[in-house]
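Fold and contact review
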Number of protein chains: 2
Amino acid sequence: MADLNEKALALGKQPSEIRKLFEYGNQRAAEVGRENVFDFSLGNPSIDPPKKVDELVIQLEQTMEPAKLHGYTSGPGEKSVREAMSENVNRRFGRNSTFQNFYITTGAAAGLCIILSTLTADPSDEFVAVAPFFPEYKVFTEAAGAKFVIAEADEKEFQIQFEALEKAFTPHTRGIIINTPNNPSGSVLRPDTVEKLVAFLRNKMKEYGHPIYLISDEPYRELVYDAETRVPFFPNEYEYSIVCYSFSKSLSIPGERIGYLYVPEDIEDSADIFAAVCGAARALGYVCAPAMLQRVAAECADLTSDLNQYRENRDLLYNSLVRMGYSCIHPDGAFYLFVKAPGGNARAFSERAKGENLLLVPSDSFGCKGYLRLAYCVKKEMIERSLPAFERLIREY
Amino acid sequence: MADLNEKALALGKQPSEIRKLFEYGNQRAAEVGRENVFDFSLGNPSIDPPKKVDELVIQLEQTMEPAKLHGYTSGPGEKSVREAMSENVNRRFGRNSTFQNFYITTGAAAGLCIILSTLTADPSDEFVAVAPFFPEYKVFTEAAGAKFVIAEADEKEFQIQFEALEKAFTPHTRGIIINTPNNPSGSVLRPDTVEKLVAFLRNKMKEYGHPIYLISDEPYRELVYDAETRVPFFPNEYEYSIVCYSFSKSLSIPGERIGYLYVPEDIEDSADIFAAVCGAARALGYVCAPAMLQRVAAECADLTSDLNQYRENRDLLYNSLVRMGYSCIHPDGAFYLFVKAPGGNARAFSERAKGENLLLVPSDSFGCKGYLRLAYCVKKEMIERSLPAFERLIREY
C-alpha cells in the first residue's frame, strides 16, 4: 500500500459519527421516503438567511465590476469588511478595536486551525477543552501539533467542573477552548461560572508564569432564545481572550465559509499574535476568505435569521421529550438538545432509534458518554411527526 | 514576548515580495494618482469573468431555496459539482473518472496544502520543484512537514534542466511539483520535455523502489494563446500524477476560492489516496469549498474569460520590450513575462523601476535570480502608458 500521511488516512477513512448518520439517513430516505426519516444528526441550519443576504448578492452582482467583485482580497480580508466587523464589535461590546484586529476567516473551522497553529510554539503544548465539546477540536489541535486535553463534563448543570479543570491543567497548558452557547449541550455559561473560570485562569498563569489563552469559539453567539440569557464576551472578562466567530449559523450560510478571528487590541503582544495569525493562515493555504460573501457578511453583521423558528422547535422538542420521561438539560442556546440516553448506553440507543428512522448522534465523540445530541435546526413538522417514535422508544425502558 | 509559532510569526512579519510591492503601489497611487502607477506585481485577473458566471449567481439566488443554496455541502463537494468536473475531464482528456475521484477545493492553494499533507508520510520526505516556481510551494511543503528541494532552472529555454533534476532527487523524494504553463516564466513544457521527465521519474522509481508522485499545479491550464501550444495532461502521461486545478484565472474568480483535486481512477491505491485527501482537508479546517460558487464553477467548467485581451497584452508587452533591448523568453501561457534584469541584479533593477512608478517583482523568491516577473493581466492602456518608463530604464544600461 502507498506510504501516506497515516493520520490523514485514518481521519479520511473514519468519517465522523455525525456524517455517518447523515449518510445513513440519505440512504433510508431513498428507501422509505424523506418524510419518514427523522434526521436530527446535522447542525445544518434549516431556516433561510435574512432576506438581505440574498438581496445583497444580487445587488453586488449588479453594481460592482465583476473582476473586482470576484478578485483576490488581501489575506486578512477586504479592509472595508474588517472595518465593519470592528465597528460591530466596538458598538456591541464597548471595545476599541480597529480593522487591524480582525482577520476574516474561511469559517470558524479555519479560524480555529489558524489560531491553534498560531499559539502552538512547541510540540509539548497543550490545549484544554471542557466536555462535552465539538469533536473537531481534537482534530484541529492535533493538526496544529499540540496535545488535546479533556476536562470532564459537569453533568449536573453543564457548566464547568472546576476539579476536573484543575486535573486537566499542567505547566504545558497554552490555552483553553470555550464554546458557549455550547455544541452539543445547548448550555450557556452563567456569569458566576465565567467569574470562577477567569479567577482560575489567572491563578494558573501566576502559578505557571506564562499566559494562558482563552479561545472563544462563537458560532452560536447569537443563538439564544430567552431575554435573560447573557452570553459572555470574553475579551471584556479576561485579558488573554481571542474570539473565533462564524456567520454560519447566525446568517444560515454555513456552506459559504465566512467568519473572523478577533485578536483584541489590548491583549499582550497583540500585533505579534496578529502577524502570526497571518503567517499561520498563509501556511494552511488560506489565501483569502470568499470575496463576495465577505462583503455580504459585512453588511449583515447585525442581522440574524428568524430565530423564532428555532425557539419554537426547542420548546416543542424539549417539552415533549421531558413529558415523555426523557431527561435533559434545558438548552439556553445553540440548536441542540442533549438528552440522557435511556438505559445509559448512547450507542445502543442510537442504534435502536435507527429502527424508528430516528437519527440521533451518540455523545461518545463529544467527550461525554451516555447522551444523545439532537440538532433541532429542522422543520417543525419533522419534530411533530417524530414524536410518536420517541414515545415508542422510551416505553421500552 | 509571547511564545508563538515561530515559523508563522516569521511568515506573517515577512509578507511576500509581491505583496510588498502591491502595497507600495497603493501608497504611490494615493500620492501620484492611480493612472501614474504601473503595477505589474500581482496575478489578479483584470478581465471580467464570463457573463455566465454572474448570470448563474443571480439565477441560483432566484431559483434555489436559500437555506439549501448556502448550506453545507459534503466535504469533498456537492455531488453534482463533482460529477460535472469528472465529465469535463473525461470528455476533454479521454479519462474514465467518476465523481469519486474529485475533491472540490477552496482554491489551488488549499489543494496543494491538502495533497502535500496527504503524501507526506515522514518528516524526511522531500518534494522537488523546478525553478523558477511559485514561492508559496516552499511555504506549503514545509507546512505539510516535508522538505522543499529546488532543481535549478533551465535558463536557456525554461524547460527542465535534467542534470539539475538528477541532483535534486534523493531516495527521500516523494514527489515533484510541476506547473505548466509556468508562473513566473510563462513557459509551457514541450512534449519532448514531458517525455524525458516521465522517463526520468520512472527510472527514479525503479532505483528507489517507491512511487514518486507528480503534482500538477494547474491554475493556468486554459491560459495559452497559440493554437500550436499543447499543455500536457499528466494523468495521460504518467501513472503517478495528481492534478491540482483552479478556476481562479480561467474564470477570473480568484477571490472566490474554487478549484479541485483530481486523484486519477487508475493511480495505484487511488481510493486510499482519496480518503487521505479527505482526512488531510478535514485536519486543515477545510469544511467544504464555498457552496454557491461550487455550483457556478460546475456550470462554467468549459468556459474561460476572454483570453484575447491577455494575448494582446502579451504581444504588446513582449514585442515592445524586446524591441527596446530587453531579453526574455517568449511566454506561451499564463500571464507573466519573465524578463532578464538589465545589469543582472533584479532587486536593484526593481528598486530603480520604482523610481519610475513601475512595479516589477524581482525573481529571487522564485528560486532563480536575475529576472523580473511582469504580470500582464492588467489594462492594455496601462501597458501602453508604461512603455516610455521601460524605455528610459533600459537606456541607463
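All values derive from a computational prediction rather than experimental measurement.

Attention now goes to the overall build of chain A. Scanning chain A for helices and strands turns up 14 helices and twelve strands. Against the globule reference of 21 Å for 397 residues, chain A gives a C-alpha radius of gyration of 21 Å, in line with a compact fold. The 397 residues of chain A split such that 65% are buried. A separation of at least 24 residues holds for 75% of the contacts in chain A among residues at least 6 apart in sequence. Roughly 14600 Å² of accessible area belongs to chain A as shown, and the carbon and sulfur atoms make up 48% of that amount. Across chain A, 44 positive and 55 negative side-chain charges occur, with their mean positions spaced 3 Å apart.

With that settled, consider unusual backbone geometry. Of note, the bond from A:T180 into A:P181 is cis; its omega dihedral lies within 30 degrees of zero at -5°. Mapping A:P181 onto the fold places it in the loop between β5 (173–178) and α9 (191–208). Look at the link from B:N183 to B:P184: it is a cis peptide, with omega at 20°. Summarising the element assignment, B:P184 is placed in the loop between β5 (173–178) and α9 (191–208). Positioned with a positive phi, B:A334 is a non-glycine residue whose angle comes to about 60°. Take B:A334: it is sitting in the loop between α12 (308–324) and β9 (336–340).

Looking now at the sheet that holds β5(A). Through backbone hydrogen bonds, the strands of a sheet pair up, either in parallel or in antiparallel fashion. Residues and elements named next belong to chain A. Taken together, the seven strands give an open sheet; going across it, the order is β2-β8-β7-β6-β5-β3-β4, and neighbouring strands pair in mixed fashion. Both edges of this open sheet fall to β2 (102–105) and β4 (147–151), since each of them pairs with a single strand only. In this sheet, adjacent strand axes meet at a mean angle of 20° when their direction is disregarded. Here four bridges tie β5 to strand β6 (residues 213–218), and the two strands are oriented parallel to one another. In the strand pairing of β6, I177 is matched with I215.

We now examine the relation of the copies chain B and chain A. Look at the two chain copies: a rotation about an axis and a shift along it is all it takes to match them. With an RMSD of 0.0 Å, the fit of chain B onto chain A corresponds to turning through 180° and sliding 0.0 Å along the axis. Read as a symmetry element, the transformation amounts to a two-fold axis. Identified as the residue of chain B closest to the rotation axis by C-alpha distance is B:I58, at 2.9 Å. Comparing contact sets, 100% of the residues at the interface of chain B also lie at the interface in chain A, consistent with an isologous, same-surface contact.

For the rest of this paragraph, the subject is the side chain of B:S363. All names here are of chain B. Tracing the sequence through the fold places S363 in the loop between β11 (361–362) and β12 (371–375). Of the polar contacts made by the side chain of S363, one reaches the backbone oxygen of C368; its length is 2.4 Å. When neighbours within four sequence positions are excluded, S363 is seen to be in contact with F338, A346, C368, K369, G370 and Y371.

We now examine the sheet that holds β12(B). Residues and elements named next belong to chain B. The strand order across the open sheet built from three strands is β9-β12-β11, with neighbouring strands paired in antiparallel fashion. The open sheet has two free edges, formed respectively by β9 and β11, since each of these has just one partner strand. Bridging between β9 and β12 involves five bridges; their strand directions are antiparallel. The partner of K340 across the bridge, within β12, is Y371.

A word on the interface of chain B and chain A. Contacts between the two partners involve 79 residues from chain B, matched on the other side by 79 residues from chain A. Between chain B and chain A, roughly 6000 Å² of surface is buried when both sides are summed, and carbon and sulfur atoms account for 56% of that area. Considering only the surface of chain B that becomes buried against chain A, B:H70, B:Y72 and B:R282 emerge as the three largest contributors, covering 13% of it. Across the salt bridge formed by B:R282 and A:E136, the nearest N and O atoms sit 2.8 Å from each other. Our count for the contact surface shared by chain B and chain A stands at 36 residue pairs in polar contact (both at pLDDT 80 or more). Residue assignment for the side of chain B that touches chain A shows that the elements contributing at least two residues are α1 (6–13), α3 (51–63), α4 (66–69), α6 (108–119), α7 (136–143), α10 (270–283) and α11 (291–299) of chain B. In terms of residue count, the dominant contributor to the side of chain B that touches chain A is α10(B) (nine residues).

All names here are of chain B. Here T193 lies in helix α9. Its relative accessible area of 4% is what places T193 among the buried residues. At a separation of 2.5 Å, a polar atom in the side chain of T193 contacts the side chain of Q159. Leave out the neighbours within four places in its chain, and T193 touches Q159, I160 and F162.

Grouped together as the largest cluster of nonpolar side chains are 147 residues, with contacts concentrated most on A:L165, A:I176, A:L197, B:L165, B:I176 and B:L197. The contact partners of A:L165, leaving out residues within four places of it in the chain, are A:V128, A:V130, A:A151, A:I160, A:I176, A:L197 and A:F200. Membership of the second largest hydrophobic core comes to 58 residues, among which are A:L251, A:Y262, A:A298 and B:L56.

Tracing the backbone shows A:P15 in the loop between α1 (6–13) and α2 (17–32). By relative accessible area, which is 36% here, A:P15 ends up partly exposed. Filtering out sequence-adjacent residues up to four positions away, A:P15 remains in contact with A:K20 and B:R282.

What follows covers the pattern of salt bridges. Residues and elements named next belong to chain A. Inspection of every chain in the model, using the stated rule, returns 54 salt bridges over all chains. Among the salt bridges present, the one from R352 reaches E396, with a minimum N-O distance of 2.8 Å. Of the two residues, R352 is situated in helix α13 (residues 346–354) and E396 in the segment after α14 (380–395); the sequence distance between them amounts to 44 residues. Judged by relative accessible area, E396 falls into the partly exposed class, the value being 41%.

Bringing the packing of aromatic side chains into the picture now. Counting across every chain of the model gives 51 aromatic pairs over all chains. When the centroid spacing of 5.2 Å and the interplanar angle of 70° are considered together, the rings of A:F102 and A:Y260 count as edge-to-face. A residue pair is termed long-range when its members are at least 10 positions apart, and A:F102 in strand β2 and A:Y260 in strand β8 (residues 259–262) qualify at 158 residues. Accessibility assignment for this pair places A:F102 and A:Y260 in one class, buried. Ring centres 5.1 Å apart and planes at 70° place the aromatic pair B:Y245 and B:F247 in the edge-to-face group. For the pair shown, B:Y245 and B:F247 are each scored as buried. Ring pairing ties together the aromatic residues A:F93, A:F102, A:F233, A:Y245, A:F247, A:Y260 and A:Y262, which thus form one cluster. When the ring centre of B:Y24 is taken as origin, the NZ or CZ atom of B:K354, which lies over that ring, is 4.4 Å away.

Residues and elements named next belong to chain A. Here α2 spans 22 Å end to end across 16 residues, near enough to the 22 Å set by a 1.5 Å rise per residue. Taken as a whole, α2 has its buried residues at E17, I18, L21, G25 and A29. End-on view of α2: buried residues confined to an arc of 115°, all on one side of the axis. The secondary structure elements touched by the buried residues of α2 are α13, β10 (358–359), β11 (361–362) and β12 (371–375). Remark: G33 follows α2 within two positions and exhibits a positive phi of approximately 95°.

Chain-level pLDDT for chain A is 96 on average; 100% of the residues reach the 70-or-more range. Here the prediction assigns the complex a pTM of 0.96, and the interface score ipTM is 0.96.

Attention now goes to helix α10 (residues 270–283) of chain A. Residues and elements named next belong to chain A. Here α10 is 14 residues long and its end C-alpha atoms lie 20 Å apart, about the 20 Å a rise of 1.5 Å per residue gives. Counting buried residues along α10, twelve of its 14 residues qualify, which places the element largely inside the surrounding structure. Inspection of α10 places S270, D272, I273, F274, A275, A276, V277, C278, G279, A280, A281 and A283 among the buried residues, and these make up the whole buried set. One or two positions beyond α10, positive phi appears at G285, with a value near 90°.

The rules behind the values
Residues numbered from 1 in each chain as written. Chains lettered and ligands numbered in written order. Predicted model: local features only at pLDDT ≥ 70, side-chain atom pairs only at ≥ 80, totals over all residues. Heavy atoms only, no water. Helix = DSSP H or I, 4+ residues; strand = E, 2+ residues; numbered from the N terminus. Rg over C-alpha atoms; globule rule 2.2 N^0.38 Å. Buried < 20%, exposed > 50% of the residue type's maximum accessible area, 1.4 Å probe, protein only. Contact = heavy atoms within 4.5 Å. Areas by Shrake-Rupley, 256 points an atom, 1.4 Å probe, with all protein chains shown as cover. Lys, Arg positive; Asp, Glu negative; His and termini not counted. Charge placed at Lys NZ, Arg CZ, Asp CG, Glu CD. Pairing = 2+ DSSP bridges. Axes fitted to C-alpha atoms, helices over the stretch in contact; angles between N-to-C directions. Least-squares fit on C-alpha atoms with pLDDT ≥ 70 in both. Polar contact = N/O pair within 3.5 Å; in protein donor to acceptor, adjacent residues only side chain to side chain. Buried area = accessible area lost by both parts, 1.4 Å probe. Salt bridge = Lys/Arg side-chain N within 4 Å of Asp/Glu carboxyl O. Core = buried A, V, L, I, M, F, W, Y, C linked by side-chain atoms within 4.5 Å. Phe/Tyr/Trp six-rings, centres within 6.5 Å; stacked < 30°, edge-to-face > 60°. Lys NZ or Arg CZ within 6 Å of the ring centre and 35° of its normal. Expected span 1.5 Å × (residues − 1). Arc of directions from axis to C-beta. pLDDT = per-residue confidence, 0-100.

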